[in-house]
Structures are given as C-alpha cells and as structure tokens.
Amino acid sequence: KNICRNLKALGALSTVMDATESGQATARSLAPNAQITDNFDDLLRNDQIQGVALATPAETHAELAIQAMQAGKDVFVEKPMALILEDAEKMKKVAEGTDRILMVGHLLEYHPAVIKLREMIASGQLGKINYIYSNRLNFGKVRTEENALWSFAPHDVAVIVRLMGHEPVEVSACGGSYLTNGIADTTLSNLSFENESRAHIFVSWLHPFKEQRLVVVGDKKMAIFNDVAPFGEKIQLYPQNVEFDGPIPILKKDDAEFVEHANTEPLREECKHFLDCIQSRKQPLTNAQTGIDVLKVLHACQQSIEQNGVPVSL
C-alpha cells in the first residue's frame, strides 16, 4: 500500500493488481482513479504500462518478474529479489536479454541518512572503516515461514556491503528458534572483509523494545545512524579515535555532534529512482547484481546457521 501511495503521489500509478478483496478495497481508497484488477495478465497485456512494482510473497518474485520483463515491462521487485540464488541469476539474465530495467527494493539505500553516511565515508571523514555493526530489533512482527535473517537482515546486508565498498570474503552466523520450530527468531551474523574490516548484524523480532541502529567505526571518527530517532538526530558523529604513545593506546574523546541530512521519505526516493531509470534507461543503484550480492551473503549466513555457526567462505 505504501508503494501504491507513493506512485500515485508521483503521478505514475495506472493500475493496482491484488488477488484479495480487502487489498482491492485498500487500493480503491488510496488511488480511486487507478484501475483495479485481480488478474496479473491484465497488467502484462496493457501496452500503456511501462513498469511493474512487485510487492508479493518472496517465493513469487522470480516468476512474476520474469513474466513482466518478457512482456516488455521494467520491474521493481521488493527484497529479497528471490529466495533461490539460481532464480535471481535467471532474473538478471532475462533483464539483460529483454533490455529491461530490474531494480531491487533495498529501501535503506535510499534513506537520506544512509546516503549522507556514504558521502562521509567517500570523503574520508571517518578514515578507514574498521567495523560496522547493525541492530534491527523489535517485539514482532513474527513470521512463521521465513526466519528473522531473511525478514530483517537484507536491509543491513545491502547497506553494509555498500558502505564497505565490496562483499565479505567469509561469514558466520547463529540463530535461535523459540516460537516456531526451525524458524530462527533471532540471528547474529558476522561478516569478514578482505581488508581486515568486519561487521555484524543482530536481528530479532523477540526483543523487548524497538531498535534500528547502525554504527560505523572508522580510524578517524565514528558515526551512528539511529533510524528511530527524530529527524535532526538520526546521525551522530563522534570525533574520537585512538592514538598511540609508543605501545600505549591513548583515547582521544570529544563530544558528539548531530549531522544534517535531507528530510525525504526513503520509499518516495526509491520510487522516483525507478521512474527515472525507466526514462533514462540507466541501471538502478540497487540493480540485479546488487540483489544477487545480498542473496549470496544471506545464503552463506543461512548455511552457517544450519551448521551451528561454522564459517562459510564466499
């Protein structure tokens, strides 16, 4: 419904397809001038529709995206782009073969605070990135088909890989299933990078309070992105580091400061980017290869969880 709302606001919404009566009712209330259908083929046959945004169960992404691209439509698909790596690679191949845009909905990459963090890192303000950690925690929404890793961590994997500038070379992960047998309610994933940088991602829907925090530790300065903080307080910069007096580490501390950034809705920016790519034919920031890179990390983490934390090389 949020994609529907934003595409309508951007003047780009033609049709909403939903298989349920309740979904169709929601669509009518949000976009009374849009066509409403319960048949995906109606979208594919409509030559006036240039792009399709898929917000469907993850197991349907590959099939629906491929159908849409083969029908000549550009595609925006929510994360994860697929559940099986081979499906994601096939989606990329079809996109290339049909000359279609295939964009993956890694929403956090369009968050103005994350964009600001990227700028700070690129400018060298933080120095060499030693460590990144991310906590995405809440009490609910509990899933019974996909675990917390697949539900929550794609956001953080995408952002960490982008901030680091390359994929990890090895991962390890562990998880605990407390509500549904075999479905991890909480997972902790460790990522190792070739330049000795590291990261970890802690996700859980069985946590007493909501926390969405990303911490970037550079050798010059450190930064925190707190997504639940009010606007104006989402990024804190800590101008502190460690220097050495011979073998003795000296902590250089200073007061934190808030960092200004744009105040835009990430999903609005993401939808605008998709529309821009349809017109310009440029590859999206979060393109098919980006989606595949994230899937590789998720699959490796899942493999490690199933092997009780054994490290998995990428």
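Before reading on, note that the structure itself is shown above.
What this report covers is the structure whose coordinates are included nearby. (Residues numbered from 1 in each chain as written. Predicted model: local features only at pLDDT ≥ 70, side-chain atom pairs only at ≥ 80, totals over all residues. Heavy atoms only, no water.)

1. Examining the sheet that holds strand β5 (residues 102-105)
Thinking step 1. An order of β3-β4-β5 is seen for the three strands of this open sheet, with the pairing classed as parallel. Of all the strands in the sheet, the pair left with one neighbour each is β3 (51-54) and β5. Between one strand axis and the next, the sheet turns through 15° on average, direction left out of account.
Thinking step 2. Where strand β4 (residues 74-78) meets β5, four bridges bridge the pair, whose relative direction is parallel. Along β5, the bridge assignment pairs Phe76 with Met103. (Pairing = 2+ DSSP bridges. Helix = DSSP H or I, 4+ residues; strand = E, 2+ residues; numbered from the N terminus. Axes fitted to C-alpha atoms, helices over the stretch in contact; angles between N-to-C directions.)

2. Let's talk about the pattern of salt bridges
Opposite charge on two side chains allows them to pair when their charged atoms are near.
Thinking step 1. Enumeration according to the criterion identifies twelve salt bridges in this entry.
Thinking step 2. Members of the salt-bridge network, linked through shared partners, are Asp74, Arg100 and Arg281. (Salt bridge = Lys/Arg side-chain N within 4 Å of Asp/Glu carboxyl O.)

3. Some words on the pairing of β4
Thinking step 1. For β4, the buried fraction is high: four of the five residues fall into the buried class.
Thinking step 2. Pairing between β3 and β4: four bridges, direction parallel. Considered in β4, the bridge of Val52 is made with Val75.
Thinking step 3. Remark: the β3/helix α4 (residues 61-70)/β4 crossover connection has right-handed handedness.
Thinking step 4. For the crossover that starts at β4, traverses helix α5 (residues 85-98) and ends in the parallel β5, the hand is right-handed. (Buried < 20%, exposed > 50% of the residue type's maximum accessible area, 1.4 Å probe, protein only. Right-handed = clockwise from strand over helix to strand, strands pointing away.)

4. Remarks on the layout of surface pockets
Thinking step 1. Approximately 170 Å³ is the volume attributed to the second largest pocket.
Thinking step 2. Residue lining of the second largest pocket: Lys92, Ala95, Glu96, Asp99, Arg100, Ile101, Leu102, Arg281, Gln283, Asn287, Ala288 and Gln289, and that is the complete set.
Thinking step 3. Only α5 and α9 (288-306) provide two or more residues apiece to the lining of the second largest pocket.
Thinking step 4. Of all the elements, α5 adds the most residues to the lining of the second largest pocket, at three residues.
Thinking step 5. Residue classes in the lining of the second largest pocket are distributed as four nonpolar, three polar and five charged. (1 Å grid on protein atoms, 1.4 Å probe; cavity = no way out; pocket = protein on both sides within 12 Å on 5 of 7 lines; lining within 4 Å. Points joined across faces, edges and corners; volume = space filled by probe spheres on them. Nonpolar A, V, L, I, M, F, W, Y, C, P; charged D, E, K, R; others polar.)

5. Notes on helix α6 (residues 112-122)
Thinking step 1. Turning to α6, its buried residues number three or more, namely Pro112, Ala113, Val114, Leu117, Met120 and Ile121.
Thinking step 2. Just downstream of α6, Gly124 is the residue with a positive phi angle, here 85°.

6. Things to note about the packing of helix α1 (residues 2-9) against helix α8 (residues 266-280)
Thinking step 1. Where α1 contacts α8, the axes come no closer than 9 Å and their chain directions differ by 60°. Looking at the two axes, α1 sits oblique to α8. For the element pair α1 and α8, the recorded crossing hand is right-handed. Contact residues: Asn2, Ile3, Arg5, Asn6, Leu7 and Ala9 in α1; Leu267, Arg268, Cys271 and Leu275 in α8.
Thinking step 2. Looking at the contact of α1 with α8, its residues break down into six nonpolar, two polar and two charged. (Parallel < 35°, antiparallel > 145°, perpendicular 65-115°, else oblique. Left-handed = near helix turned anticlockwise from the far one by under 90°. Contact = heavy atoms within 4.5 Å.)

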